[in-house]
Every structure is written in C-alpha cells, then in structure tokens.
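Residue-level structural notes
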Amino acid sequence: MDSCENENHYGDCNKGDVLKQIEEETEEKEKGASTPSSSMSRSSSRPQLDLSRAAIQGDLEDRNPTILLPNQSDDISHLALDIGGSLIKLVYFSRHEELSVDDKRRKSMKKRFGLSNGNRRSYPILGGRLHFVKFETGKLNECLDFISSKQLHRGGIDSPSWRSAAQPNHNIVMKATGGGAYKFADVLKERLGVGLDKEDEMHCLVAGANFLLKAIRHEAFTHMDGQKEFVQIDQNDLFPFLLVNIGSGVSIIKVDGEGKFERVSGTNVGGGTYWGLGRLLTKCKSFDELLELSQRGDSSNVDMLVGDIYGGMDYSKIGLSASTIASSFGKTISDTKELSDYRPEDISLSLLRMISYNIGQISYLNALRYGLKKIFFGGFFIRGHAYTMDTISFAVNFWSKGQAQAMFLRHEGFLGALGAFMSYEKHGLDYLRAHQLVERFPMGAPYVGGKIHGPPLGNLNEKISWMEKFVQKGTQITAPVPTAAPRTTGLGGFDRPLSRGDILRSDASAALSIGVLHFVPTLEVFPLLEDPKTYEPNTIDLTDPGELEYWLTVLSEHLPDLVDKAVASEGGTDDAKRRGDAFAHAFSAHLARLMEEPAAYGKFGLANLLELREECLREFQFMDAYITIKQRENEASLAVLPDLLMELDSMNEEDRLLALIEGVLAANIFDWGSRACVDLYHKGTIIEIYRMSRKKMQRPWRVDDFDIFKKRMLGSGDEKPNPYKRALLFVDNSGADIVLGMLPLARELLRRGTEVVLVANSLPALNDITANELPEIVAEAAKHCDTIRRAAEAGGLLVDAMVSIQEKGLKNQSPSVSLMIAENGCGSPCIDLRQVSSELAADAKDADLVILEGMGRAIHTNLNARFKCDALKLAMVKNQRLAEKVLMGIYMTAFVDLSLEMNLLHLLKLILGITNNW
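Each residue is numbered by its place in its chain's sequence as written, counting from 1. Only residues with pLDDT of at least 70 get local features here, since the model is predicted, and only at 80 or more are side-chain atom pairs given and counted; chain-wide, interface and lining totals rely on the full set of residues. Hydrogens are left out, water is left out, and the side-chain values use all remaining heavy atoms of the structure.

Take the overall build of the protein chain next. What the protein chain contains, in helices and strands, is 30 helices and 29 strands. For each residue, the accessible area found with a 1.4 Å probe, counting protein chains only, is set against the maximum for its type, and the residue is called buried under 20%, exposed over 50%, and partly exposed in between. Among the 918 residues that make up the protein chain, the fraction classed as buried is 59%. Here, residues are in contact when the closest pair of their heavy atoms is within 4.5 Å. Within the protein chain, counting contacts between residues at least 6 apart in sequence, those at least 24 apart form 76% of the total. Per-residue and other accessible areas were derived by the Shrake-Rupley procedure at a 1.4 Å probe size, with only the shown protein chains allowed to occlude residues. For the protein chain, the exposed surface amounts to about 37,100 Å²; the carbon and sulfur share of it is 49%. Secondary structure elements are taken from DSSP: a helix is a run of H or I of four residues or more, a strand is a run of E of two residues or more, and numbering for both begins at the N terminus.

Further remarks concern the pairing of strand 20 (residues 516-519). Burial along strand 20 is two-sided: the face carrying Val516 and His518 and the face carrying Leu517 and Phe519 are both buried. By the bridge criterion, three bridges tie strand 5 (residues 128-136) to strand 20 in an arrangement that is antiparallel. Bridging from a neighbouring strand, Leu130 pairs with Leu517 of strand 20. Where strand 17 (residues 437-440) lies against strand 20, four bridges are found, and the strand directions are antiparallel. The residue bridging Arg440 from the neighbouring strand is Val516, located in strand 20. Strands were regarded as paired on the criterion that DSSP finds at least two bridges between them.

What follows deals with helix 11 (residues 344-370). The length a helix should cover is 1.5 Å for every residue beyond the first. The end-to-end C-alpha distance of helix 11 is 40 Å, a good match for the 39 Å that 27 residues give at a rise of 1.5 Å each. Positioned one or two residues after helix 11, Gly371 has a phi angle of 70°, which is positive.

In this analysis, a patch consists of residues with relative accessible area above 30% that form no salt bridge, clustered at 9 Å for like charges and at 5 Å for the nonpolar side chains Val, Leu, Ile, Met, Phe, Trp and Tyr. Here, a salt bridge means any side-chain nitrogen of Lys or Arg that lies within 4 Å of a carboxyl oxygen of Asp or Glu. Together, Leu277, Leu280, Leu281 and Leu339 line one region of the surface with nonpolar side chains, adding up to about 330 Å² of accessible area. Structurally, the position occupied by Leu339 is in the loop between strand 14 (325-327) and helix 11. The exposure class assigned to Leu339 is partly exposed, which follows from its relative accessible area of 44%.

Throughout this description, the term nonpolar core refers to a set of buried Ala, Val, Leu, Ile, Met, Phe, Trp, Tyr and Cys residues connected via side-chain atoms within 4.5 Å. Phe526, Phe583, Phe620, Leu728 and Phe730 are the most contacted members of the largest nonpolar core, which totals 73 residues. Here Phe730 is in contact with Phe526, Met742, Val759, Ile831, Leu833, Leu840, Val850, Ile851, Leu852, Glu853 and Arg857, once residues within four sequence places are set aside. Listed in part, the 64 residues of the second largest apolar core include Leu130, Leu140, Phe211 and Phe241.

What follows concerns the confidence of the model for the protein chain. Detailed reading of the predicted coordinates is not advisable wherever pLDDT falls low. Looking at the protein chain as a whole, the pLDDT averages 76, with 71% of positions reaching at least 70. Taken as a whole, residues 28-77 scores under 50 in pLDDT and shows 127 contacts with residues more than four places along the chain or in a different chain. Counting interchain partners and residues more than four positions distant, the pLDDT-below-50 stretch residues 801-814 has 15 contacts. Per-residue confidence from the predictor is given as pLDDT, running between 0 and 100.

To continue, consider the pattern of salt bridges. Within this structure, the stated rule accounts for 39 salt bridges. With its nearest N and O atoms 2.8 Å apart, the salt bridge here joins Asp561 to Lys565. Of this pair, Asp561 and Lys565 are both found in helix 15 (residues 545-569), four residues apart, which corresponds to roughly one turn of the helix. Considered together, Asp561 and Lys565 belong to a single accessibility category, that of buried residues. The partner of Arg789 in a salt bridge is Glu793, and the shortest N-O contact between them spans 3.1 Å. In this pair, Arg789 and Glu793 are both assigned in helix 25 (residues 786-794), four residues apart and thus about one turn of the helix distant. Classification of Arg789 by relative accessible area gives partly exposed; the value is 29%. Salt bridges sharing partners connect three or more residues here, namely Asp649, Glu653, Arg656, Arg747, Glu748, Arg751 and Arg752.

Turning next to the sheet that holds strand 15 (residues 374-378). Pairing within the open sheet is mixed, and its seven strands lie in the order 9-8-16-15-10-11-12. The sheet is open, and its two edges are formed by strand 9 (227-231) and strand 12 (260-267), each paired on a single side. Neighbour-to-neighbour, the strand axes of the sheet open up by a mean angle of 30°, direction not taken into account. Two strands pair when backbone bridges link them, and strand 15 and strand 16 (residues 405-409) are joined in this way by four bridges, in the parallel orientation. Across the sheet, the residue bridging to Ile375 is Ala406, located in strand 16. Between N-to-C directions, angles cover 0 to 180 degrees, with each direction set by a line fitted to C-alpha atoms, over the stretch in contact for helices.

The next subject is the packing of helix 3 (residues 140-150) against helix 6 (residues 185-192). In contact at an axis separation of 11 Å, helix 3 and helix 6 are set at 40° when each is read in the N-to-C sense. Looking at the two axes, helix 3 sits oblique to helix 6. Crossing of helix 3 against helix 6: the hand is right-handed. Every residue of helix 6 that contacts helix 3 at Leu140, Asn141, Leu144, Asp145, Ile147 and Ser148 is listed here: Val187, Leu188, Arg191 and Leu192. Note that the term roughly parallel is reserved for angles under 35 degrees, roughly antiparallel for angles over 145, roughly perpendicular for angles of 65 to 115, and oblique for everything else. By convention, the crossing between two helices is left-handed when the near helix turns anticlockwise from the far helix through less than a right angle, and right-handed when the turn is clockwise.

Attention shifts here to the pairing of strand 25 (residues 819-823). Two faces make up the sheet, and in a regular strand the side chains alternate between them. Extensive coverage of strand 25 is indicated by the burial of five of its five residues. Alignment of strand 24 (residues 755-760) against strand 25, held across five bridges, turns out to be parallel. Its bridge partner lying in strand 25, Leu758 is registered against Ile821.

As a further point, take the packing of aromatic side chains. A pair of aromatic rings is counted whenever rings of Phe, Tyr or Trp (Trp by its six-membered ring) have centres within 6.5 Å, and the orientation is called stacked for planes under 30 degrees apart, edge-to-face for over 60 and tilted otherwise. One pass over the full model with this rule turns up 23 aromatic pairs. A centroid spacing of 5.9 Å and a plane angle of 20° characterise the contact between Phe239 and Phe241, whose relative ring orientation is stacked. Its relative accessible area of 23% is what places Phe239 among the partly exposed residues. For Phe241, a relative accessible area of 0% corresponds to the buried category. Among the aromatic residues, those joined into a ring-pair cluster are Phe221, Phe230, Phe377 and Phe408. Look at NZ for Lys and CZ for Arg. If either is within 6 Å of the ring centre and within 35 degrees of the ring normal, a charge sits over the ring. In this arrangement the basic side chain of Lys175 is found over the ring face of Tyr424, its NZ or CZ atom lying 5.8 Å from the centre. Lying over the aromatic face of Tyr182, Lys198 brings its terminal NZ or CZ to 5.5 Å of the ring centre.

This part takes up the packing of helix 23 (residues 736-751) against helix 24 (residues 774-782). In contact at an axis separation of 12 Å, helix 23 and helix 24 are set at 70° when each is read in the N-to-C sense. Taken as axis vectors, helix 23 and helix 24 run roughly perpendicular relative to one another. Within the contact between the two elements, helix 23 uses Ile738, Val739 and Leu743 and helix 24 uses Leu774, Ile777 and Ala781. The residue makeup of the contact of helix 23 with helix 24, split by class, is six nonpolar, no polar and no charged. Residue polarity is assigned by list, with Asp, Glu, Lys and Arg as charged and Ala, Val, Leu, Ile, Met, Phe, Trp, Tyr, Cys and Pro as nonpolar; anything else, Gly included, falls into the polar class.

Here the focus is the environment of Leu617. Locating Leu617 in the fold gives a position in helix 17 (residues 606-619). Those residues within four positions of Leu617 in sequence are excluded, and the remaining contacts are Leu562, Ala566, Phe583 and Phe622.

Take unusual backbone geometry next. Across the junction of Phe239 and Pro240, the peptide omega takes the value -5°, indicating a cis bond. Of note, Pro240 is situated in the loop between strand 9 and strand 10 (241-246). Even without being glycine, Lys283 reaches a positive phi, approximately 70°. You can see Lys283 is positioned in the loop between helix 8 (271-282) and helix 9 (287-294). Positive phi is not limited to glycine here, since Asn862 has a value of about 75°.

Attention now goes to helix 18 (residues 627-649). Here helix 18 spans 32 Å end to end across 23 residues, near enough to the 33 Å set by a 1.5 Å rise per residue. Every buried residue belonging to helix 18 is among Ile629, Lys630, Glu633, Asn634, Ser637, Leu638, Val640, Leu641, Leu644, Leu645 and Leu648, and all of these are buried.

Along the chain, the position of Lys89 falls in strand 4 (residues 87-95). For Lys89, a relative accessible area of 9% gives the class buried. One polar contact links the side chain of Lys89 to the main-chain carbonyl oxygen of Leu87, over a distance of 3.3 Å. With residues up to four places along the chain from it excluded, the contact list for Lys89 reads Ala80, Leu81, Asp82, Gly84, Val133, Phe380, Gly413, Phe414 and Ala417. Nitrogen and oxygen atoms within 3.5 Å of one another constitute a polar contact, given that in protein one can donate a hydrogen and the other can accept it, and given that sequence-neighbouring residues count only through two side-chain atoms.

When you line up the elements, Val516 lands in strand 20. Val516 gets classed as buried once you look at its relative accessible area, which sits at 1%. Val516 sits 74 residues away from Pro442 along the chain, and the two C-alpha atoms are 8.0 Å apart.

The following block contains the structure:
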C-alpha cells in the first residue's frame with residue numbers, strides 16, 4: 001500500500017537485544033549464503049542490503065526506530081533487465097516514501113513499562129514498489145534515457161547519493177539476462193557507466209514464474225472461448241509443471257521445484273516467426289499492428305478447411321468439424337492469385353492460428369510425455385491477445401481430450417526480468433509472501449482507440465494537464481493505462497489492440513493491465529482466521545455482469561458528491577478544483593475500463609473496487625476527502641455522549657446489553673457511502689436520527705444470535721458469566737457510529753474485565769474513523785467516564801496520565817484492563833483479513849472475541865468468514881439490493897449450521913440489523 005507506513009518492528013526488546021538479533025541474523029544469512037542449496041543460486045556481486053554493524057538511531061521507545069547501515073553502499077542498483085530480440089523488459093524497485101507521523105499512541109505504555117506485545121519481525125526489510133516497463137529493442141536509446149532520467153542504476157532519484165549530488169560510482173553492476181545482455185553490454189557501460197552481471201536466461205524464467213505463482217494470488221488464468229477465469233494455485237501442489245515461454249522462439253521447460261528445472265523441448269517457430277513472416281507478407285510496421293490486423297481477418301480465405309475437402313461436410317469419424325483447419329495456407333495452392341490479391345488481415349490471422357495451434361500441440365505432447373497436467377504459457381508473443389490464448393487453449397484441450405488446460409500469466413513477458421531482479425542478494429524477496437504484496441493501478445497517459453497519446457506522465461501536474469487536454473478536445477477517455485505512482489511512472493503502459501471486427505469479437509477483452517506491486521513487509525495474515533486458504537473476503541461476485549454493472553453505476557452516481565467533498569476538504573482552492581476534476585475523469589476511466597473488461601485488473605471484488613476509488617483519490621493528493629465532515633460529526637456526537645452513558649447506567653445489565661447492541665446497529669446508519677443515509681442527514685440532528693433508529697431496532701433481527709452472546713456475557717441460571725480475555729472491535733464510521741455505538745460497547749466489555757483493542761483504518765476512506773483520529777476521541781470520552789479513562793491510561797492512550805503514573809512511582813501497581821488502538825493496515829471501507837498490519841496481528845494472538853462492524857467489513861467482506869474464536873458481525877444494512885441478494889439467502893443457513901458451530905467452535909454467527917423503512 002503506497003501510503004502506508006513502512007514499519008520495521010522490533011517488538012519490545014531493548015536496544016542491545018535488537019542489535020544483537022540483527023547481528024546474529026546477519027551472521028546466519030552470511031553462513032547460509034555459502035551453503036549449497038537447491039534454490040536458485042545467488043550472485044554475490046551486488047548485495048542489496050548490508051546489515052553488518054547495524055545501529056539504531058534516535059529514541060528506542062519509538063516503535064519504528066531508524067536503523068543506520070554503515071556498510072550499505074549508497075549506489076544500489078534496484079533494476080534488472082531482460083534484453084530480448086524484440087523487446088527490452090525492465091523490473092525496477094523504488095523505495096516507499098517515509099511518512100512522518102506525530103502519533104502519541106505509538107509510545108504506548110506497553111513499551112514504556114517493558115511489557116511484551118507479541119513477537120514482531122526483528123530484521124529490516126526494504127519496503128517499496130516493483131515496477132514493470134517495456135521498450136522495443138530497436139529503441140534502446142529511449143530505454144537508456146529512461147533509466148538515466150530516474151537514476152535507476154544508482155538506486156533511483158530518492159537514493160542518498162542522488163539527493164546529495166555525490167560523484168557516481170562507476171563500478172556499479174546491474175543484473176541482466178537475455179541475448180541483448182551480451183550484445184549491448186558495451187553500450188550500457190558507455191552510456192550509463194554500469195557493468196552487466198549476466199544471469200542465465202532459463203534460470204531467470206523459472207525463478208520469475210515460481211515467484212509469481214507463489215506470491216500473486218490471481219496471477220494465473222485460463223482463457224477459453226473468450227472467457228477468462230482466474231485460477232488459485234495451491235503452493236503445496238505447484239510442482240511439477242510445464243513452463244512454455246514464447247518469445248522469438250519457444251522454450252519448453254519442466255519445472256520440478258525451486259531451482260530444479262530442465263529444458264525438455266522447444267521450437268524455432270514462435271513469435272519471431274509470426275512477426276517475420278507477417279512483416280514480409282503484410283508490410284506491417286510493428287508486432288502489435290500485425291495482431292490488430294488479425295482482428296479483421298477471415299483465415300478461411302487462405303486456409304484449407306476439412307469442409308473444403310469433404311464438400312462442406314464434417315469428418316465425424318475422427319472428430320473433425322467442417323471448420324477445422326486441414327492445411328494452413330493450403331487454399332492458396334490451387335488459386336491463381338498473387339500475394340497482392342490476398343487481404344493482409346486474412347494472412348495475419350492464418351499465420352497467428354498456424355503458429356499458436358502448433359505451439360499448443362507441441363506443449364501438450366511434452367506434458368503428456370512427463371505426465372503433467374499444469375501448463376503455463378508466458379512470453380510477449382501472447383501479449384494478452386484473446387485470440388492467441390483461445391487458439392493455444394483450444395489446441396491443448398483438443399489433443400488432451402479435456403484432460404489438460406492451458407494457463408496464462410498476467411506478467412507473461414516479465415518472467416526473465418523478474419528472475420534477474422530476484423538474483424540480487426539480500427533484498428528480502430526470499431522471505432516474501434503473498435500477503436506482503438498489494439497491486440495498485442495508478443493512472444498513466446490516457447489512451448484512446450488502443451493507442452497511447454502523449455508522453456509518459458512523470459508527475460501530478462503532467463497527469464492533470466493531459467486529463468484537461470482530453471476534456472478540452474471533447475475526446476472520451478475510454479480507459480486508463482496503469483503504470484506507476486507519481487515520480488515513478490514508466491512509459492505509460494502497453495499498446496494493445498482495441499479494434500473491433502465483424503468476424504472476430506473485440507480483443508479488448510484481452511487487455512490485462514499490469515499494475516505496480518507494492519511490497520509492504522509489515523502486512524500479515526490475520527491469525528484468527530479459521531482457514532486462510534479457503535478464506536474469501538468478497539461476498540459480492542463481480543464476475544456476474546449484472547452485479548458489476550450495478551456497482552459501477554452506484555460508484556459513478558456517487559462521484560459528483562465525492563468530488564465536492566474532496567475539493568471542500570482542501571479549502572475549495574482552484575488547485576483543489578483542478579485536481580478534483582482530474583480525479584473524476586481518472587476514476588471514470590477506471591470504471592469504463594472495468595465495464596469493458598471486468599478482469600482487466602485481475603480478479604476484482606467489491607472490496608478491490610472500493611479500494612481503487614480511495615487509491616485514485618490519494619493519487620490526486622486528496623488524503624482525506626471527508627475530514628471536515630468527520631470533525632463536525634465527532635464533536636456533535638461527543639456532546640451527547642454523557643447523556644447516553646447516564647441512560648445506559650440507569651438500566652439493569654440485561655436491558656443495558658441489549659441497548660448497547662441496538663445502539664451499535666442504530667449508530668451504524670451514519671454512513672456517507674449510502675445515498676439513502678445521506679438523505680436522512682437533512683431531516684434531523686445526529687442524536688435525533690440515532691434515537692429514532694434505536695426505536696426501530698426491535699428484535700428479532702434478520703439474523704439474531706443475541707441470546708447466545710448474552711449467555712456468555714451475563715451467565716444463565718447456575719452458569720456464571722465467562723468474560724472474554726481480549727476483544728478486537730473493528731470500528732467503522734466517524735461520529736455517532738464510533739462515539740455512540742462502538743465506544744459504549746467497548747466500555748461495557750472493559751467493565752467486565754475484557755481488554756479491548758479498537759481496530760481502525762490506517763488510511764482514510766469515506767467517513768471511516770482512522771487509528772490516528774481515535775486517541776483524541778477516546779481522550780474526550782475519558783473526561784466523562786472513569787472506566788474509559790483508566791483503561792485508556794493502562795493502554796497508553798492518555799500520555800500525560802501515563803507519565804504521571806511513572807513519576808508517582810505507581811509502575812508496579814496492578815493496572816486496569818487496557819483500552820488500546822491498532823491500525824488494520826488498509827485504507828478502504830472493506831477489509832481483506834489476509835493482509836492486516838503486523839500491529840493488529842500481534843494484538844490478535846491473545847484475543848478470544850472479534851467484532852466486525854459495518855456493511856463494508858461485516859457484509860461486503862467477511863460475511864462468510866469463519867474464525868478460531870467467537871465473532872460478532874454487526875451491521876445496519878442500508879442497501880436494499882444487498883439485503884435481497886445476500887441476507888435473504890443466508891437466513892436459513894445461519895441457523896442450520898449454528899448448532900454445529902456451537903458444539904465445535906463456539907462461534908457466534910451474525911447480529912445484523914435490517915429495516916426496509918430507510
């Protein structure tokens with residue numbers, strides 16, 4: 001996540017312990033580097049991260065102390081190249097920008113008093129972004145200009161040596177693979193002053209493929225009859241597989257494990273054959289032009305079909321239809337036409353089918369030879385071209401009689417470059433897991449009609465200017481070209497055919513985009529998930545065209561109001577208005593792209609779609625579009641909190657517990673993401689709407705397990721209450737939702753001896769409360785409640801009170817149960833529990849109750865999530881379609897398996913509030 005803090009956790013060790021751990025791990029890694037291993041060999045010529053003699057700088061009490069690496073070279077190459085015969089592929093790394101956050105809650109009492117908060121990572125990993133860029137090999141000078149402009153060979157323009165204008169180091173060595181690494185080595189040395197450390201091409205291809213298949217959840221997909229379906233690969237069942245790399249020629253590699261592979265076959269009939277013959281026969285100027293030409297072709301004009309031989313009939317005895325190609329270009333034998341008499345479109349398509357069918361057949365025969373079922377195809381011959389993939393898939397399916405299937409890779413052309421990048425030593429990729437990668441799709445240069453218009457967009461002003469230019473010309477921006485974040489943008493993406501033909505369908509469906517991979521070392525899998533392997537965060541299936549169209553329409557209709565809020569949050573300045581307009585056009589372009597091709601950005605769920613909107617806002621520097629509204633709602637809610645607490649305290653414990661749950665549901669109606677709720681704001685004050693909502697929260701609710709929860713909390717008959725040890729409360733909206741809903745519930749848990757962790761967003765999203773905003777709200781609430789005050793002091797949220805405790809020598813006294821705050825690691829209305837902050841993961845280890853609140857976290861995502869502990873999912877459903885599609889379907893199942901869950905897992909299912917009156 002681009003804007004998340006890059007945290008390196010050292011637990012609660014003292015300074016000596018931390019440095020000792022670093023030194024010990026460094027020694028272990030250095031010893032291990034010399035030990036033979038079956039994994040991919042590492043070149044030791046340019047280590048990326050030298051941890052020797054590491055020292056902590058600054059205040060050790062800070063959770064994120066700065067670590068000095070005195071033996072680390074300033075000039076670090078974060079770039080690897082794959083220089084092929086047709087294309088140059090670049091994979092390069094850019095650091096995360098450091099964020100300076102003055103956050104008092106980070107200096108928690110646990111660290112001040114030396115209390116443990118779980119095991120945290122004790123070694124630094126370089127967090128940042130991984131970018132993918134390509135150039136035609138014939139435009140080598142443009143590629144070198146790009147590298148030089150960003151100083152990629154010296155660690156990027158954000159490296160210490162570049163910022164300090166230090167003299168360049170002419171001994172820099174950069175990783176490269178492919179034939180061009182030998183052919184152009186002298187040119188790179190002369191132009192950039194770098195030497196090339198040449199890595200074995202096959203080794204790099206395999207390493208790149210293994211990395212992608214293990215680290216990217218939706219990297220592989222099938223493509224049959226125009227239908228794209230993403231495949232989840234079981235890492236425990238990945239090997240062996242066949243890797244077919246289609247470049248100028250074709251290499252077929254049998255992969256048995258990490259670093260274990262064998263080139264078992266290949267053919268000289270590949271992408272170079274298609275491009276070479278196509279250039280001679282059609283006079284096309286580029287590979288992509290040739291592909292685009294095929295979209296308008298009819299190969300039956302030049303190919304001899306089975307029907308041509310059998311008088312239009314099938315050869316059913318051997319399973320051949322009349323339309324099956326009997327001989328590519330065979331029809332031209334009997335014709336008296338000259339080359340100029342044939343349509344270039346037909347020639348291009350016939351060539352494409354001939355080569356693709358043969359590659360598919362040869363690949364299957366090799367898979368059959370070794371008994372393999374998984375065949376992955378990569379290489380820039382494919383280029384996301386739908387007809388190419390369909391043809392290869394048809395061949396594999398036909399010859400295997402459906403027993404094998406062709407699978408393709410989103411990063412198909414970057415396997416070699418990625419493998420070369422991984423060969424850098426000590427860059428942390430050895431320890432990388434899928435949950436540490438987040439793919440983002442920032443805007444690059446817009447393109448229209450399949451062609452990129454304009455230069456690469458290197459900064460925000462350029463990006464906005466191009467948006468304005470298109471608007472002024474009245475030209476519709478049909479789709480974005482995702483490249484990289486501001487200051488790290490590549491060439492503006494990839495040219496892809498977008499023409500529409502009468503014979504073949506549009507190939508726009510093939511236009512898979514490659515985003516920027518963000519390395520976030522501090523992301524972890526939520527440890528309380530019952531089974532992370534089967535966990536699916538998204539409840540809504542956006543592969544359903546109707547669902548996708550509905551939600552894209554909702555976001556589009558909400559866009560004007562969102563822009564108004566965003567501009568107002570920046571003071572309504574002319575600059576803010578300009579950025580707001582640019583954001584609106586950019587996000588509209590994303591929506592248009594997804595409407596045209598739902599799988600363009602990989603497997604997208606509603607959570608991903610909502611997060612795309614927030615990322616787009618941040619891209620145009622709107623860091624918190626609802627900040628003014630949130631502040632106003634927080635103040636209004638805090639003003640009436642004392643009266644609410646007095647009302648609750650006047651009830652008996654059974655009525656109070658019910659009122660607290662009703663209060664959470666009632667307060668959750670305050671949601672600026674719901675059009676119906678926005679309309680309510682014009683009909684009354686916050687407290688009026690809250691009280692009106694509470695009156696409508698009469699049981700039974702749509703799914704009602706309150707009695708089970710009450711029994712655990714209050715006991716029943718001779719059975720005593722069984723208080724929870726620690727509760728994680730995933731909070732939702734600002735204002736009444738947190739102040740009048742979740743905070744009183746947290747107070748009740750604290751009263752009963754339960755430690756409470758309020759879990760909130762790391763980054764803003766709509767009017768959701770963030771972790772950095774919560775301490776101020778807790779401090780205000782503490783003024784009216786001794787329970788909250790004591791718990792906040794114990795949890796380190798009231799810093800002044802905490803210091804007072806130390807000064808009075810009360811350190812050894814038994815503290816009250818703690819009220820703490822944790823970031824969830826995301827900036828979206830939804831949450832994927834496979835990627836949470838290490839702070840939350842550590843806090844979750846001792847928790848025995850999880851409460852997910854709000855539509856985004858409890859229904860849009862995690863409705864079907866199962867946990868190792870008790871879980872409540874509380875939400876006011878404010879969308880009638882969602883109620884009909886999701887909740888109506890789970891009413892019976894919620895009770896059918898409730899007894900099983902109680903007996904085996906003691907899980908609480910759902911407490912959901914729904915009313916048709918809104």
